[in-house]
Amino acid sequence: MSEAVRPEDQPVLDVDPASEAFRHNAMPIFQRLLREQPVARLPDGRYLICSHQDVSTALSDHDNYRRPTEWSNARKPEGPFREFGLNNMIGMNPPDHTRFRKAIMRAFAPQRVAALEALIADVTDELIDGMQETGRGDFIEDFALPLPITVICAMLDIPVEDRGLFSSGTAAMLAGLEISTNREELERASAAAGELYTYLHDIARKRERSLGDDLISLLIQHEKADNLSRDEVVWAAITLLIAGHETTTHLIGNGLLALIRNPEEMARLAADPAGLAEGATEEFLRYDPTLYVLFRQAVQDVEMSGVLVPKDSLLILSIAAANRDPAVFEDPDRLDVTRANARQHLTFAAGRHLCAGHAVARLEGRIAFQKLLERLQGFELTAEPVPRNGLMFKGYLSIPISFGSH
Ligand code: HEM
């Protein structure tokens, strides 16, 4: 630590990660920082962290790094969105996180995840049947959004017909979590959190009279054992709804777009979809991750890549840069659907917050890409895709395509 560069001697990187210029060029900026300044101090004292080693340590060394819970919640106005912030496990530290995690992990027991395979395969086939009728459309609207929504609705046993409410509600809440969020977006996020709360509270009240095999029933059944209040059960269900759909939408959307832009890799995958779809899904998660950044805070003075990062500093961890680190991934900017160590990406985080639903997302990715490439061919963009406007969550609002059938 004594050799580490002290804050007063650290060059300040004059960029604003919340700015439009940064958000629209995030990947090239992160790649340059990874080469030149992997631990970069920003004018307001925050740090941007880019190397795989440092990002991975910040996610898994719980003695030295934690969730910046107070910082995240102070940004939210009083009301339902702040309540969500206080009651969702992603933002928590122990002991509350431990309590929630135990309850939620009941939902992701391996046999429960395996049981979803037939449902995912059926929904995938139905969506492809619909796409085949026209041979063109918006890949997000026609496939990448409805697949995860249908799966998470089935897991929670809530009517998929209400998807309008979840889609607009979760989109508003994700915008409120962004680094660049503004007052208007926070107000919309709060209204959406309130609506989702009322909706799911009502479902939980009805559900307790006829418990089933779904996740809401599971949470209610173990309320006492897991020491969860009814409010906490409702917020946990909302966390699942939010965590479970748009992220997976962008895994599938970003993956297809990467294939369209890399026709040789499309051809390799199309030659053996059953054999390669699982590994290709890992490569999509690495190459263009759904989440570009995560936040952590230094519990005490720490050293990262020879730089002293003072206690309490807020860290912006670049998952996008870590996933392109040449120290871990050979020729990292190349899409390679058979990359042997693609699974070392950090897109599902690591340590105690490791994505609870990673097995579900991986299963959806594998089945989706296998069936898409078995049944369809000749994917082409018919217009430029429309990107989301954030830095944290990365993906597309629309990917207009045409294609043929086998
Ligand atoms: C490609 C899809 C997905 C990606 C990239 C993703 C990514 C992540 C990441 C990075 C975290 C940790 C956030 C942090 O530490 O700050 C997380 C947490 C979580 N994810 Fe996912 N996720 C995906 C899909 C899903 C699905 C399908 C579900 C549920 C069905 C889910 C449920 C959760 C839950 C409950 C947590 C909280 C875990 C905790 O804090 O202990 N995720 N996810």
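Scroll up to find the structure.
In what follows, the accompanying structure is described.

Rules of the game
- One numbering rule holds for all chains: residues counted from 1, following each sequence as written.
- Predicted model: local features are reported for residues with pLDDT of at least 70 only, side-chain atom pairs are reported and counted for 80 or more only, and whole-chain, interface and lining totals are derived from all residues.
- A helix here means a DSSP run of H or I that spans at least four residues, while a strand means a run of E at least two residues long, and both kinds are numbered starting from the N terminus.
- With C-alpha atoms as the basis for the radius of gyration, the globule rule is written as 2.2 Å multiplied by the number of residues raised to the power 0.38.
- Comment: burial labels come from other C-beta atoms within 10 Å of the residue's own C-beta, placed from the backbone, where a count of 20 or more is buried, 12 or fewer is exposed, and between is partly exposed.
- A residue pair is marked as a contact if its C-beta atoms, positioned from the backbone, fall within 7 Å.
- In this scheme, strands are said to pair when DSSP sees at least two bridges between them.
- Whenever a helix is involved, its axis is fitted only over the stretch in contact; in every case the axis is a line through C-alpha atoms, and angles between N-to-C directions fall within 0 to 180 degrees.
- With respect to orientation, any angle under 35 degrees is reported as roughly parallel, any angle over 145 as roughly antiparallel, any angle of 65 to 115 as roughly perpendicular, and every other angle as oblique.
- Under the grouping applied here, Gly and all other residues not named as nonpolar or charged are polar, the nonpolar ones being Ala, Val, Leu, Ile, Met, Phe, Trp, Tyr, Cys and Pro and the charged ones Asp, Glu, Lys and Arg.
- Picture the helix axis, draw a direction to every C-beta atom, and the arc is the one those directions span.
- Nonpolar core, as used here: buried Ala, Val, Leu, Ile, Met, Phe, Trp, Tyr and Cys residues forming one set through C-beta atoms within 7 Å.
- Each residue gets a C-beta atom placed from its backbone. Should that atom fall within 6 Å of a molecule or strand, the residue is termed near it.

Regarding the overall build of the protein chain
Summing up its helical and strand segments, the protein chain has 18 helices and 12 strands in all. Expected size for 406 residues packed as a compact globule is a radius of gyration near 22 Å; at 21 Å, the protein chain falls within 12% of this value. C-alpha extents for the protein chain along the principal axes are approximately 65 × 55 × 40 Å. Looking at the protein chain as a whole, 46% of its 406 residues qualify as buried. Contacts in the protein chain between residues far apart in sequence, at least 24 positions, make up 74% of those at least 6 positions apart.

Description of the sheet that holds strand 12 (residues 400-405)
One open sheet holds the 3 strands; their spatial order is 4-12-9, and the pairing between them is antiparallel. Strands with a single pairing partner mark the edges of an open sheet, and in this sheet they are strand 4 (136-138) and strand 9 (376-381). With strand direction ignored, the average angle separating the axes of adjacent strands in the sheet is 30°. Pairing geometry for strand 9 and strand 12, over 4 bridges, is antiparallel. The residue of strand 12 that forms the bridge with glutamine 377 is glycine 404.

A short note on the sheet that holds strand 3 (residues 65-66)
As summarised here, the arrangement of the 5 strands in space is 1-2-8-5-3, forming an open sheet in which the pairing is mixed. A strand with exactly one partner marks an edge of an open sheet, and here the two such strands are strand 1 (39-41) and strand 3. Bridge analysis of strand 3 against strand 5 (residues 293-298) gives 2 bridges, and the strand direction is antiparallel. Paired with arginine 66 across the two strands is glutamine 297, which belongs to strand 5.

Here's the deal with the pairing of strand 5
Within strand 5, 5 of the 6 residues are buried, which leaves it mostly tucked inside the rest of the structure. The pairing of strand 5 with strand 8 (residues 314-318) spans 5 bridges and is classified as antiparallel. Its bridge partner lying in strand 8, valine 293 is registered against serine 318.

Points about the packing of helix 5 (residues 80-87) against helix 12 (residues 183-207)
Across the interface, helix 5 lies against helix 12 with an axial gap of 7 Å and an inter-helix angle of 70°. Overall, the two elements helix 5 and helix 12 adopt an arrangement that is roughly perpendicular. For the pair helix 5 and helix 12, the contacting residues are Pro80, Phe81, Glu83 and Phe84 in the first and Leu186, Ala189, Ser190, Ala193, Gly194 and Tyr197 in the second. Looking at the contact of helix 5 with helix 12, its residues break down into 7 nonpolar, 2 polar and 1 charged.

Description of helix 15 (residues 263-271)
Within the span of helix 15, buried status applies to Glu265, Met266 and Leu269. When helix 15 is viewed along its axis, its buried side chains cluster within an angular range of 105° and face the same direction. Relative to its buried face, helix 15 has exposed residues pointing more than 90 degrees away, namely Pro263, Glu264 and Ala271. On its buried side, helix 15 packs onto helix 14 (230-261), helix 16 (273-287) and helix 18 (358-375).

Points about the nonpolar core
Among the nonpolar cores identified, the biggest contains 118 residues, and Ile49, Leu156, Ala237, Ile238, Leu317 and Ile319 are the most heavily contacted of them. For this core, the element with the highest residue contribution is helix 14, accounting for 15 residues.

Considering unusual backbone geometry
Following proline 94, the chain continues into proline 95 via a peptide bond in cis, with omega recorded as 5°. Turning to its location among the elements, proline 95 is positioned in the loop between helix 5 and helix 6 (96-105). Its identity is not glycine, yet aspartate 312 carries a phi of approximately 75°, on the positive side.

Re the site of the ligand
Neighbouring residues of the ligand: 24 residues in total, closest Gly244, Thr247, His353, Cys355 and Gly357. Elements supplying a minimum of two residues to the shell around the ligand: helix 6, helix 14 and helix 18. Top contributing element to the shell around the ligand by residue count: helix 14, with 7 residues. Looking at the shell around the ligand, its residues break down into 15 nonpolar, 8 polar and 1 charged.

These values are about where atoms sit, not about what they do.
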